[in-house]
Amino acid sequence: MDDTDSSDSWDFQDEDGPCFSSNGSNSVIPSRGASMCGAEGSTSNQSRSKAISHFTEMGFSEDLVIKTVDEKGEENTEAILETLLAYTAPEECASQGEPVLSHSSSPEFEWDSLDDLSDFSDAESCLQNEESVPETKMMQLVAMGFSIGEVSAAINSSDPDTSIADLMDFISAAQMAEPTSDHPRELPLEGRGPPDVKKKKLVKQEFHRGREIRAWRSSRKEEMEKRKRYLSPVEDDFIKIPQLMNGFGVPGHPRIGFKRKLPDVAIGPPYFYFENVALAPKGAWSSISRSLFNIEPEFVDSKYFCAAARKRGYIHNLPTDNRFPLLPIPPLTIAEALPLSSRWWPSWDVRKQFNCLLTCYGSALETERIRKDLEGWQGDPPEHIQKRVLNKCRKWNFVWTAKNSVAPLLPEEVELMLGYPRNHTRGGATSQAERYKSLGNSFQVNTVAFHLSVLKNRYPNGISVLSLFSGIGGAEIALHQLGIPLRFVVAVEISEVSRNIFRGWWENTDQKGILIDNINDVTMLTANKIEKLVDYSGGFDLVIGGSPCNNLTGSNRWHRDGLDGKQSVLFYDYCRVLNTVKRLVREN
């Protein structure tokens, strides 16, 4: 979606600073806070300049505002606004044809909304881009019944990225702060006609509009209370999610003397290992734990293993003593992972690590907007420009590639962060978008390898693995890099692209074991099929997988239905298959 404004001039001007053009020339562009600058300085009277300043502050193009004011007259503000909206609406409709790539696998805590944006749906991405356009916000809020003055005051008092919902709260709060009475307030009379008729009509309209606002406010309050009860990420019933997610110990941060006791029914072999997003809806991890023998989850942030944060919860029956990391230790900071970017990295971009690596990437429109925001400033840009640019860089994990220029991470760079071999996704994926998507939905190899390292001495002659939701083979690559031979692997994955990527890796690394990857739906893995696979393999040593997080991740605002969601309900198939394997092992 093309969410660029009609004019970029207000996007990169300091409210109190001089008016510079974006190309560094001596031409003059009006700053957002200035009432007159450049061409406006030659206007004939002060009222005309105020009208122009008023509408340019809303985000309309200066040239378009001047043209409309000349046509309608500076006093006819309603007609000016209607004309400006009519001019800009077709541009916004046409802009919806621009695709915004979006999707991924997680949300995260310390409640920075930018911290871990996996599974960021196309619908939400488009909505956010749409809400960043001042004209669109103006049209939507006016259509809801708010007055032009209220909307203008809210937009001018807020950050450009403020959402529609927050602007509505702002206006409603202002309305609630106004003096109230038992009767609807009378409005000043405007226009011609019998005074008493005009007055009654306006009062009636105001009364109905106020009733609608109160009804909306009441329903919104109920919805927010419902979301607060259901979506609270702070506490999952009896399971508290720690802010410092270092699990049962990570390299450099061991938990000295830590011991856990597994219930007898859960003790392996077979071993099992389950992964999903840490910050699921309230109660999700309690349900996951109950379904997996009431084992305590291990919450780990991948920032201890790579240069990107990825907060995940793991439930497993693996030993926790004598774990060791893969060597060599991968880069843990952006500067170490991407040293060439340091030349262009501005001092005010304080990022040391990336946020969660997404299944999508920032569009060229976003990078172009950042470039326009930064051009024309001598030295560092103003603080509000720095904040806006840094928020975008954090959200999309942009890297600096030249002066005033950013770009998305390349797929090869994402592979490096997640611990995969270089060009791992190049052979099986047919497009760059597919490479990002498959990587965003994958394991972080170094984290998984640290947990699985306790199996190295237990299976020196090879391991038999049932890999559910196997993706691009993160678990198998972790075992391979640990030096554990893959004797027999059954990989169940619905994505053909991911299956092709994994099969390509298996063949390119000359694996000697047996790979069965023709089962693409975990729901079709019946007890009868599992029994045949157990007989054929001699028994599974490890059942591993991470069920879809689509309905669990915090970035999915539309269908965050928890474990009952259409995709995330597949978690129960993981439990069903695991219990079947354990039963067959006991019987044999």
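Residues numbered from 1 in each chain as written. Predicted model: local features only at pLDDT ≥ 70, side-chain atom pairs only at ≥ 80, totals over all residues. Heavy atoms only, no water.

### Structural notes on the overall build of the chain
Thought 1: Tallying secondary structure elements over the chain gives 19 helices and 13 strands in all.
Thought 2: Taken across its 588 residues, the chain has 53% of its residues classed as buried.
Thought 3: Within the chain, residue pairs in contact and separated by at least 24 positions form 70% of the contacts whose partners lie at least 6 positions apart.
Thought 4: On the chain, roughly 27400 Å² of surface is accessible, and the fraction owed to carbon and sulfur atoms is 52%. (Helix = DSSP H or I, 4+ residues; strand = E, 2+ residues; numbered from the N terminus. Buried < 20%, exposed > 50% of the residue type's maximum accessible area, 1.4 Å probe, protein only. Contact = heavy atoms within 4.5 Å. Areas by Shrake-Rupley, 256 points an atom, 1.4 Å probe, with all protein chains shown as cover.)

### Comments concerning the confidence of the model for the chain
Thought 1: Residues with a pLDDT of 70 or more make up 65% of the chain, whose mean pLDDT is 75.
Thought 2: The low-confidence segment residues 89–132 (pLDDT under 50) makes 149 contacts with residues lying over four places distant or belonging to another chain. (pLDDT = per-residue confidence, 0-100.)

### Some points on the pairing of strand β5 (residues 271–277)
Thought 1: Here β5 lies mainly inside the structure; seven of its seven residues are buried.
Thought 2: As defined by bridge partners, β5 adjoins strand β13 (residues 542–545) across four bridges and the pair is classed as parallel. If you follow Tyr273 over to β13, its bridge partner there is Ile544.
Thought 3: Across five bridges, β5 lies against strand β7 (residues 311–316) in antiparallel orientation. The residue bridging Val277 from the neighbouring strand is Arg312, located in β7. (Pairing = 2+ DSSP bridges.)

### Digging into the state of the cysteines
Between two cysteines, a covalent bond joining their sulfur atoms is known as a disulfide.
Thought 1: For the structure on display, the rule yields zero disulfides.
Thought 2: Of the cysteine sulfurs around Cys306, a residue in no disulfide, the closest is that of Cys356, at 9.4 Å. (Disulfide = S-S within 2.5 Å.)

### Quick look at the packing of helix α15 (residues 445–452) against helix α16 (residues 474–481)
Thought 1: Where α15 meets α16, the axes come as close as 9 Å, and the angle between the chain directions of the two elements is 60°. Compared by their axis directions, α15 and α16 come out oblique. Like other packed secondary-structure pairs, α15 and α16 cross with a definite hand, here right-handed. Judged by residue contacts, Val445, Val448, Ala449 and Leu452 of α15 engage Gly474, Ala475, Ile477, Ala478, Leu479 and Gln481 from α16.
Thought 2: Looking at the contact of α15 with α16 residue by residue, the classes come out as eight nonpolar, two polar and no charged. (Axes fitted to C-alpha atoms, helices over the stretch in contact; angles between N-to-C directions. Parallel < 35°, antiparallel > 145°, perpendicular 65-115°, else oblique. Left-handed = near helix turned anticlockwise from the far one by under 90°. Nonpolar A, V, L, I, M, F, W, Y, C, P; charged D, E, K, R; others polar.)

### Re the pattern of salt bridges
Thought 1: Counting across every chain of the model gives 15 salt bridges.
Thought 2: Lys259 is the salt-bridge partner of Asp321, the closest N and O atoms lying 3.1 Å from each other. Taken together, the positions of Asp321 in the loop between β7 and α10 (334–337) and Lys259 in the loop between β4 (253–254) and β5 put the pair 62 residues apart, joining distant regions of the chain.
Thought 3: Looking at Asp321, the relative accessible area reads 37%, which means it is partly exposed.
Thought 4: In this structure, Asp349 and Arg351 form a salt bridge, with 2.8 Å as the shortest nitrogen-oxygen distance.
Thought 5: Accessibility expressed as a relative area gives 3% for Asp349, which makes it buried.
Thought 6: What you see here is one network of salt bridges that share partners, running through Glu368, Arg371 and Glu375. (Salt bridge = Lys/Arg side-chain N within 4 Å of Asp/Glu carboxyl O.)

### Things to note about the nonpolar core
Thought 1: Phe354, Leu452, Leu455, Ile463 and Leu542 are the most contacted members of the largest nonpolar core, which has 67 residues in total.
Thought 2: Aside from chain neighbours lying at most four places away, what touches Leu455 is Tyr271, Leu318, Ile463, Ile484 and Leu542.
Thought 3: By size, the runner-up hydrophobic cluster in this structure holds 41 residues, among which are Trp285, Phe469, Val490 and Val543. (Core = buried A, V, L, I, M, F, W, Y, C linked by side-chain atoms within 4.5 Å.)

### Some words on the environment of Asn355
Thought 1: Considering the arrangement of structural elements, one finds Asn355 in the loop between α10 and α11 (364–374).
Thought 2: Residue classification places Asn355 among the buried positions, given a relative accessible area of 12%.
Thought 3: Each C-alpha atom, one on Asn355 and one on Trp396, is 8.3 Å from the other, the two residues being 41 residues apart in sequence.

### Here's the deal with the sheet that holds β13
Thought 1: Taken in spatial order, the seven strands line up as β6-β7-β5-β13-β10-β11-β12 in an open sheet, and their pairing is mixed. For this open sheet the edge positions go to β6 (298–301) and β12 (514–519), each flanked by a neighbour on one side alone. The mean inter-strand angle of the sheet, taken between neighbouring strand axes irrespective of direction, is 20°.
Thought 2: For strand β10 (residues 463–468) and strand β11 (residues 486–492), the ladder comprises six bridges, and the chain directions are parallel. The residue of β11 that forms the bridge with Ser464 is Phe488.
Thought 3: Running over the sheet, α16 touches β10, β11 and β13 and is turned about 155° from β10.

### With respect to the pairing of β10
Thought 1: Most of β10 sits out of view: six of its six residues are buried.
Thought 2: With α16 bridging β10 and its parallel neighbour β11, the resulting β-α-β unit is right-handed.
Thought 3: In terms of strand pairing, β10 meets β13 through four bridges, oriented parallel. By the bridge assignment, Leu468 is partnered in β13 with Gly545. (Right-handed = clockwise from strand over helix to strand, strands pointing away.)

### Focus on the packing of aromatic side chains
Thought 1: Summed over all chains, the structure comprises 13 aromatic pairs.
Thought 2: With centroids separated by 5.1 Å and ring planes inclined at 65°, the aromatic side chains of Phe571 and Tyr572 adopt a geometry described as edge-to-face.
Thought 3: Since its relative accessible area comes to 0%, Phe571 is described here as buried.
Thought 4: In this structure an aromatic cluster arises from ring pairing among Phe274, Phe571, Tyr572 and Tyr574.
Thought 5: If you follow Lys582 out to its NZ or CZ, it ends over the ring of Phe293, 5.6 Å from the centre. (Phe/Tyr/Trp six-rings, centres within 6.5 Å; stacked < 30°, edge-to-face > 60°. Lys NZ or Arg CZ within 6 Å of the ring centre and 35° of its normal.)

### Re the side chain of Glu415
Thought 1: Locating Glu415 in the fold gives a position in helix α13 (residues 411–418).
Thought 2: The class of Glu415 is buried, set by a relative accessible area of 0%.
Thought 3: A polar contact is formed between the side chain of Glu415 and the backbone nitrogen of His424, at a distance of 3.1 Å.
Thought 4: What Glu415 contacts, discounting residues up to four positions off in sequence, is Tyr420, Pro421, Arg422, Asn423, His424, Thr425, Arg426, Arg435 and Leu439. (Polar contact = N/O pair within 3.5 Å; in protein donor to acceptor, adjacent residues only side chain to side chain.)

### Thoughts on the environment of Trp348
Thought 1: Of note, Trp348 is situated in the loop between α10 and α11.
Thought 2: Residue classification places Trp348 among the buried residues on the basis of a relative accessible area of 12%.
Thought 3: Once the C-alpha coordinates of Trp348 and Lys387 are considered, the two residues, 39 residues apart in sequence, prove to be 9.1 Å apart.
Thought 4: Those residues in contact with Trp348 that sit more than four places away from it in its chain are Leu374, Asp380, Pro381, Gln386, Val389, Leu390 and Trp400.

### Re the side chain of Asp573
Thought 1: By the element assignment, Asp573 lies in helix α19 (residues 571–587).
Thought 2: Ignoring sequence-local partners within four residues, the contact set of Asp573 consists of Val522 and Thr523.

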